[in-house]
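Structural characterization, general
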Amino acid sequence: MHVKHDYAPQHIYCIGALAHVWRMGDRVRHKTYLREWRRVKPGRTLEQVAAELHMSQPQLGRIERGDQPYNQDLLEALADLYGCTVADLLMRDPSDESAIWSVWENAKPGERRLIAAMAESIVKTGTSDK
C-alpha cells in the first residue's frame, strides 16, 4: 500500500472548542487517536506500520504526535490497516474500555436494542447526574 505525502495547505485551520486541543504554530490542532489505534488494533510497532505505508518511522511518529499534518490518503490507509473508520482514528480512543462505543461493540444484538432504548429514554426524559 502506498500513501501520498502531500499534506494539507498551511492556510487550513482547525477551529472549535473541543476538549483536546493544542497549538502548532499558527494552527490549533485537535487530539487524534492514531497512536492508540496502532497500539490496540492490531498492536503493531511504529516501525512496522511505517514500513507498510512506505514512509519513515520518524515521519509517522511526528504525525501521530500532531507535529506534522496528515492527509486523507494516510487516514484511509491507517483505517484500513487497523480495521476501523477514519472517524474512529480522529475521535475515538480505543483503549477507553468504559466509553459507550466500547460497551456497544461488546454487546450482543438484544443487548444493543436494550442499550438504545435506555439511552433514548434518558435523552427524552432529561435524566442526568446533575
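Residues numbered from 1 in each chain as written. Predicted model: local features only at pLDDT ≥ 70, side-chain atom pairs only at ≥ 80, totals over all residues. Heavy atoms only, no water.

For the protein chain, the count of helices and strands is seven helices and two strands. Going from the N terminus to the C terminus, the protein chain shows its helices and strands as β-β-α-α-α-α-α-α-α. Taken over 130 residues, the protein chain has a buried fraction of 32%. Once local pairs closer than 6 in sequence are excluded, the contacts in the protein chain between residues at least 24 apart make up 54%. Surface summary for the protein chain: the accessible area is close to 8600 Å², and the carbon and sulfur share equals 56%. (Helix = DSSP H or I, 4+ residues; strand = E, 2+ residues; numbered from the N terminus. Buried < 20%, exposed > 50% of the residue type's maximum accessible area, 1.4 Å probe, protein only. Contact = heavy atoms within 4.5 Å. Areas by Shrake-Rupley, 256 points an atom, 1.4 Å probe, with all protein chains shown as cover.)

Now for the pattern of salt bridges. Counted according to the given criterion, the structure contains eight salt bridges. The salt bridge involving Glu64 is made with Arg35; its shortest N-O contact spans 3.2 Å. Here Glu64 is found in helix 3 (residues 57–65), whereas its partner Arg35 is found in helix 1 (residues 34–40), with 29 residues between them in sequence. With a relative accessible area of 9%, Glu64 lands in the buried category. Judged by relative accessible area, Arg35 falls into the partly exposed class, the value being 25%. One salt bridge in this structure joins Asp67 and Arg65, with 3.0 Å as the shortest N-O distance. The class of Arg65 is partly exposed, set by a relative accessible area of 41%. Through salt bridges with shared partners, a single network forms among Arg35, Arg38 and Glu64. (Salt bridge = Lys/Arg side-chain N within 4 Å of Asp/Glu carboxyl O.)

Relative to the elements of secondary structure, Arg92 occurs in the loop between helix 5 (86–91) and helix 6 (100–106). Separated by 2.8 Å, the side chains of Arg92 and Glu105 make a polar contact. (Polar contact = N/O pair within 3.5 Å; in protein donor to acceptor, adjacent residues only side chain to side chain.)

Membership of the largest hydrophobic core comes to 19 residues, with the highest contact counts inside it found for Val49, Leu53, Met55, Leu78, Tyr82 and Leu89. Going through the elements one at a time, helix 1, helix 2 (46–52), helix 3 and helix 4 (72–82) are the ones with two or more residues in this core. Sort the elements by how many residues they give to this core and helix 4 lands first, with seven residues. If we skip the residues at most four places from it in the chain, Leu89 touches Thr32, Tyr33, Leu34, Trp37, Leu75, Leu78, Ala79, Tyr82 and Cys84. (Core = buried A, V, L, I, M, F, W, Y, C linked by side-chain atoms within 4.5 Å.)

Summing up the model confidence of the protein chain, the mean pLDDT is 80 and the portion of residues at 70 or higher is 75%. Model confidence for the protein chain, summarised as mean pLDDT per element, is weakest for strand 1 (residues 21–24) at 46 and strongest for helix 3 at 97. (pLDDT = per-residue confidence, 0-100.)

Here the focus is the side chain of Asp93. Along the chain, the position of Asp93 falls in the loop between helix 5 and helix 6. Buried Asp93, no salt bridge; nearest opposite-charge side chain is Lys31, N-O distance 6.7 Å. A polar side-chain atom of Asp93 sits 2.5 Å from a polar atom in the side chain of Ser95. Excluding anything up to four places from it in sequence, Asp93 contacts Tyr33, Glu36 and Trp101. (Lys, Arg positive; Asp, Glu negative; His and termini not counted.)

Looking at helix 3, one finds that the buried residues are Gln59, Leu60, Gly61, Ile63 and Glu64. Summarising the contacts, the buried residues of helix 3 are in contact with helix 1, helix 2 and helix 4. You can read the cap of helix 3 off the contacts: a side-chain oxygen lies 3.1 Å from the backbone nitrogen of Gln59, and it is on Ser56. Trailing helix 3 by a residue or two, Gly66 shows a phi angle of about 90°, which is positive.

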